[in-house]
Amino acid sequence: MITADHDPLPEEVIDEIIARHPDRTGDVLSVLEELQQRHPLQYLPEATQTAVARKMGVAQSQIFSVVSFYAFFNRQPQGRHTVTVCRGTACHTRGSKALLDALKASAGFHTDDEETDGATSFTTPDHRLTIRTVACFGQCALAPVAAIDETIHGHITDIQLRKLVAAIEDGLSDGAPR
(Lines give C-alpha, C1' and ligand atoms only; values in the text may rest on other atoms or scores of the structure.)
Protein backbone atom coordinates (compact mmCIF):
# COMPACT_ATOMS: atom_id res chain seq x y z
CA MET A 1 0.00 0.00 0.00
CA ILE A 2 1.13 3.55 -0.68
CA THR A 3 2.33 5.19 2.51
CA ALA A 4 2.22 8.78 1.26
CA ASP A 5 0.61 10.42 -1.74
CA HIS A 6 3.99 11.27 -3.29
CA ASP A 7 5.42 7.75 -3.07
CA PRO A 8 5.98 5.71 -6.19
CA LEU A 9 3.60 2.90 -6.91
CA PRO A 10 4.46 -0.41 -5.21
CA GLU A 11 6.81 -2.70 -7.17
CA GLU A 12 4.09 -5.36 -7.50
CA VAL A 13 1.77 -2.87 -9.25
CA ILE A 14 4.53 -1.86 -11.64
CA ASP A 15 5.34 -5.54 -12.30
CA GLU A 16 1.67 -6.39 -12.88
CA ILE A 17 1.21 -3.64 -15.45
CA ILE A 18 4.48 -4.39 -17.27
CA ALA A 19 3.56 -8.10 -17.42
CA ARG A 20 0.44 -7.25 -19.45
CA HIS A 21 2.60 -5.60 -22.12
CA PRO A 22 5.01 -8.07 -23.76
CA ASP A 23 6.54 -5.63 -26.28
CA ARG A 24 9.15 -4.03 -24.02
CA THR A 25 9.88 -1.01 -26.22
CA GLY A 26 6.59 -0.65 -28.09
CA ASP A 27 4.45 -0.71 -24.96
CA VAL A 28 6.27 1.94 -22.93
CA LEU A 29 3.53 4.50 -23.62
CA SER A 30 0.76 2.12 -22.52
CA VAL A 31 2.64 1.06 -19.38
CA LEU A 32 3.26 4.66 -18.33
CA GLU A 33 -0.34 5.63 -19.00
CA GLU A 34 -1.67 2.78 -16.84
CA LEU A 35 0.77 3.57 -14.05
CA GLN A 36 -0.29 7.22 -14.02
CA GLN A 37 -3.95 6.21 -13.85
CA ARG A 38 -3.24 3.92 -10.89
CA HIS A 39 -1.42 6.58 -8.86
CA PRO A 40 -3.76 8.31 -6.36
CA LEU A 41 -2.55 11.72 -7.55
CA GLN A 42 -2.55 10.83 -11.26
CA TYR A 43 1.13 11.40 -11.95
CA LEU A 44 4.40 9.56 -12.56
CA PRO A 45 6.87 10.07 -9.72
CA GLU A 46 10.53 9.99 -10.74
CA ALA A 47 11.06 6.76 -8.78
CA THR A 48 8.27 5.08 -10.76
CA GLN A 49 9.85 6.24 -14.03
CA THR A 50 13.20 4.84 -12.92
CA ALA A 51 11.64 1.49 -11.98
CA VAL A 52 9.90 1.26 -15.37
CA ALA A 53 13.17 1.91 -17.21
CA ARG A 54 14.97 -0.73 -15.18
CA LYS A 55 12.23 -3.36 -15.41
CA MET A 56 11.54 -2.84 -19.13
CA GLY A 57 15.22 -2.64 -20.07
CA VAL A 58 14.99 0.77 -21.70
CA ALA A 59 17.09 3.85 -21.09
CA GLN A 60 15.82 6.18 -18.40
CA SER A 61 16.27 9.02 -20.90
CA GLN A 62 13.71 7.30 -23.18
CA ILE A 63 11.18 7.18 -20.35
CA PHE A 64 11.81 10.85 -19.56
CA SER A 65 11.47 11.73 -23.26
CA VAL A 66 8.07 10.04 -23.46
CA VAL A 67 6.79 11.53 -20.20
CA SER A 68 7.96 15.05 -21.05
CA PHE A 69 6.79 14.95 -24.69
CA TYR A 70 3.15 13.91 -24.23
CA ALA A 71 0.98 16.53 -22.56
CA PHE A 72 -1.26 13.95 -20.89
CA PHE A 73 1.57 12.72 -18.66
CA ASN A 74 1.99 14.50 -15.35
CA ARG A 75 5.31 14.81 -13.56
CA GLN A 76 3.77 16.59 -10.58
CA PRO A 77 0.90 15.48 -8.31
CA GLN A 78 -2.52 16.44 -9.63
CA GLY A 79 -5.72 17.51 -7.92
CA ARG A 80 -8.77 15.35 -7.38
CA HIS A 81 -10.53 17.47 -10.00
CA THR A 82 -9.22 19.30 -13.05
CA VAL A 83 -10.56 22.49 -14.59
CA THR A 84 -9.17 23.34 -18.02
CA VAL A 85 -9.65 26.79 -19.50
CA CYS A 86 -9.24 27.34 -23.23
CA ARG A 87 -6.86 30.17 -24.14
CA GLY A 88 -7.39 30.07 -27.90
CA THR A 89 -8.12 33.24 -29.82
CA ALA A 90 -11.91 32.91 -29.85
CA CYS A 91 -12.04 32.09 -26.15
CA HIS A 92 -9.54 34.82 -25.30
CA THR A 93 -11.56 37.48 -27.11
CA ARG A 94 -14.67 36.29 -25.27
CA GLY A 95 -13.15 36.50 -21.80
CA SER A 96 -11.23 33.33 -21.00
CA LYS A 97 -8.40 35.29 -19.35
CA ALA A 98 -10.87 36.79 -16.89
CA LEU A 99 -12.33 33.32 -16.27
CA LEU A 100 -8.87 31.95 -15.59
CA ASP A 101 -7.96 34.82 -13.26
CA ALA A 102 -11.23 34.45 -11.30
CA LEU A 103 -10.71 30.69 -11.05
CA LYS A 104 -7.16 31.16 -9.81
CA ALA A 105 -8.34 33.67 -7.22
CA SER A 106 -11.13 31.38 -5.99
CA ALA A 107 -8.58 28.56 -5.67
CA GLY A 108 -6.37 30.77 -3.50
CA PHE A 109 -3.80 31.88 -6.07
CA HIS A 110 -3.02 35.51 -6.84
CA THR A 111 -3.30 36.43 -10.51
CA ASP A 112 0.26 37.78 -10.44
CA ASP A 113 1.64 34.79 -8.50
CA GLU A 114 5.05 33.85 -9.95
CA GLU A 115 4.21 30.14 -9.64
CA THR A 116 1.06 30.40 -11.74
CA ASP A 117 1.62 33.44 -13.95
CA GLY A 118 2.03 32.03 -17.44
CA ALA A 119 1.97 28.43 -16.21
CA THR A 120 -0.16 25.98 -18.17
CA SER A 121 -0.94 23.81 -15.13
CA PHE A 122 -0.88 24.24 -11.37
CA THR A 123 -2.41 22.43 -8.44
CA THR A 124 -3.67 23.67 -5.10
CA PRO A 125 -1.42 22.63 -2.19
CA ASP A 126 -4.18 20.41 -0.78
CA HIS A 127 -4.52 18.62 -4.16
CA ARG A 128 -8.21 19.37 -4.40
CA LEU A 129 -7.96 21.13 -7.76
CA THR A 130 -5.66 21.30 -10.77
CA ILE A 131 -6.14 24.25 -13.09
CA ARG A 132 -4.89 23.86 -16.66
CA THR A 133 -4.93 25.87 -19.82
CA VAL A 134 -5.00 24.58 -23.37
CA ALA A 135 -4.24 26.38 -26.61
CA CYS A 136 -7.58 25.36 -28.15
CA PHE A 137 -10.39 22.86 -27.56
CA GLY A 138 -11.61 23.24 -31.13
CA GLN A 139 -14.98 24.44 -29.85
CA CYS A 140 -14.66 28.06 -30.97
CA ALA A 141 -18.41 28.51 -31.63
CA LEU A 142 -18.96 27.85 -27.92
CA ALA A 143 -16.36 30.35 -26.68
CA PRO A 144 -15.42 30.81 -23.95
CA VAL A 145 -14.95 27.14 -23.17
CA ALA A 146 -13.82 25.34 -20.03
CA ALA A 147 -13.73 21.65 -19.15
CA ILE A 148 -14.35 20.21 -15.73
CA ASP A 149 -12.98 16.72 -15.34
CA GLU A 150 -13.06 16.36 -19.14
CA THR A 151 -16.67 17.54 -19.55
CA ILE A 152 -16.69 20.58 -21.85
CA HIS A 153 -18.86 23.59 -21.01
CA GLY A 154 -19.44 26.27 -23.64
CA HIS A 155 -20.45 29.93 -23.31
CA ILE A 156 -19.30 29.59 -19.71
CA THR A 157 -19.45 32.56 -17.38
CA ASP A 158 -17.48 33.20 -14.22
CA ILE A 159 -20.54 32.51 -12.06
CA GLN A 160 -21.34 29.24 -13.88
CA LEU A 161 -17.73 28.09 -13.59
CA ARG A 162 -17.61 28.85 -9.86
CA LYS A 163 -20.87 26.95 -9.30
CA LEU A 164 -19.61 23.92 -11.25
CA VAL A 165 -16.32 23.87 -9.37
CA ALA A 166 -18.11 24.22 -6.02
CA ALA A 167 -20.44 21.36 -6.97
CA ILE A 168 -17.65 18.92 -7.84
CA GLU A 169 -15.68 19.87 -4.74
CA ASP A 170 -18.78 19.25 -2.61
CA GLY A 171 -19.34 15.93 -4.38
CA LEU A 172 -22.69 17.09 -5.74
CA SER A 173 -21.80 16.76 -9.41
CA ASP A 174 -19.46 14.99 -11.77
CA GLY A 175 -19.01 18.16 -13.83
CA ALA A 176 -21.54 17.06 -16.45
CA PRO A 177 -24.06 19.66 -17.59
CA ARG A 178 -27.53 19.38 -16.06
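Our subject is the structure that appears above.
Reading guide: rules and limits
Residues numbered from 1 in each chain as written. Predicted model: local features only at pLDDT ≥ 70, side-chain atom pairs only at ≥ 80, totals over all residues. Heavy atoms only, no water. Phe/Tyr/Trp six-rings, centres within 6.5 Å; stacked < 30°, edge-to-face > 60°. Buried < 20%, exposed > 50% of the residue type's maximum accessible area, 1.4 Å probe, protein only. Axes fitted to C-alpha atoms, helices over the stretch in contact; angles between N-to-C directions. Helix = DSSP H or I, 4+ residues; strand = E, 2+ residues; numbered from the N terminus. Parallel < 35°, antiparallel > 145°, perpendicular 65-115°, else oblique. Left-handed = near helix turned anticlockwise from the far one by under 90°. Contact = heavy atoms within 4.5 Å. Nonpolar A, V, L, I, M, F, W, Y, C, P; charged D, E, K, R; others polar. Pairing = 2+ DSSP bridges.

1. So, the packing of aromatic side chains
Consideration 1: Taken as a whole and assessed by the stated rule, the structure comprises five aromatic pairs.
Consideration 2: Between Phe-69 and Tyr-70, the aromatic rings sit 4.9 Å apart at their centres with planes inclined by 90 degrees, giving edge-to-face as the arrangement.
Consideration 3: By relative accessible area, Phe-69 is classed as exposed at 62%.
Consideration 4: Overall, Tyr-70 belongs to the partly exposed group, its relative accessible area being 32%.
Consideration 5: Ring plane angle 80 degrees and centroid distance 6.4 Å describe the contact between Tyr-70 and Phe-73, whose orientation is recorded as edge-to-face.

2. Things to note about the packing of helix 2 (residues 28–38) against helix 4 (residues 60–69)
Consideration 1: For the pair helix 2 and helix 4, interaxial distance at closest approach is 11 Å and the crossing angle is 65 degrees. In terms of their interaxial angle, helix 2 and helix 4 are classed as roughly perpendicular. The element helix 2 and its partner helix 4 pack so that their crossing is right-handed. Between helix 2 and helix 4, the residues in contact are Val-28, Leu-29 and Leu-32 and Gln-62, Ile-63, Val-66 and Val-67, respectively.
Consideration 2: Partitioning the contact of helix 2 with helix 4 into residue classes produces six nonpolar, one polar and no charged.

3. Structural notes on the environment of Pro-45
Consideration 1: Summarising the element assignment, Pro-45 is placed in the loop between helix 2 and helix 3 (46–56).
Consideration 2: For Pro-45, a relative accessible area of 5% corresponds to the buried category.
Consideration 3: Along the primary structure Pro-45 and Pro-8 are separated by 37 residues, whereas in three dimensions their C-alpha atoms are 5.7 Å apart.

4. What about the sheet that holds strand 3 (residues 129–134)?
Consideration 1: Strand order in the open sheet formed by five strands is 2-3-1-4-5, with mixed pairing between adjacent strands. Sheet topology places strand 2 (121–123) and strand 5 (151–153) at the edges, where each strand pairs with a single neighbour. Looking at each pair of strands side by side, their axes are set apart by 20 degrees on average, direction ignored.
Consideration 2: Bridging between strand 1 (residues 81–86) and strand 3 involves six bridges; their strand directions are parallel. From the neighbouring strand, Thr-84 faces strand 3, where its bridge partner is Arg-132.
Consideration 3: Against the sheet, helix 6 (residues 96–106) makes contact with strand 1, strand 2 and strand 3, and its axis sits at roughly 155 degrees relative to strand 1, the strand it touches most.

5. Overview of the pairing of strand 3
Consideration 1: Inspection of the sheet shows strand 2 paired to strand 3 by three bridges, in the antiparallel sense. Paired with Thr-123 across the strands is Thr-130, a residue of strand 3.
Consideration 2: Following strand 2, the chain reverses through five residues before pairing antiparallel with strand 3; His-127 in that reversal takes a positive phi of roughly 60 degrees.

6. Concerning the packing of helix 2 against helix 3
Consideration 1: In the contact formed by helix 2 and helix 3, the axes pass within 11 Å of each other and the chain directions differ by 145 degrees. Handedness of the crossing formed by helix 2 with helix 3: right-handed. Contact residues: helix 2 offers Val-28, Val-31, Leu-32 and Leu-35, while helix 3 offers Thr-48, Val-52 and Met-56.
Consideration 2: Split into classes, the residues belonging to the contact of helix 2 with helix 3 amount to six nonpolar, one polar and no charged.

7. What to know about the pairing of strand 1
Consideration 1: Counting buried residues in strand 1 gives six out of six residues, a clear majority hidden from the surface.
Consideration 2: Across the two faces of strand 1 the burial is the same, with His-81, Val-83 and Val-85 and Thr-82, Thr-84 and Cys-86 all buried.
Consideration 3: Examined bridge by bridge, strand 1 and strand 4 (residues 146–148) share three bridges and lie antiparallel to one another. Following the sheet pairing, Val-85 is matched in strand 4 by Ala-146.

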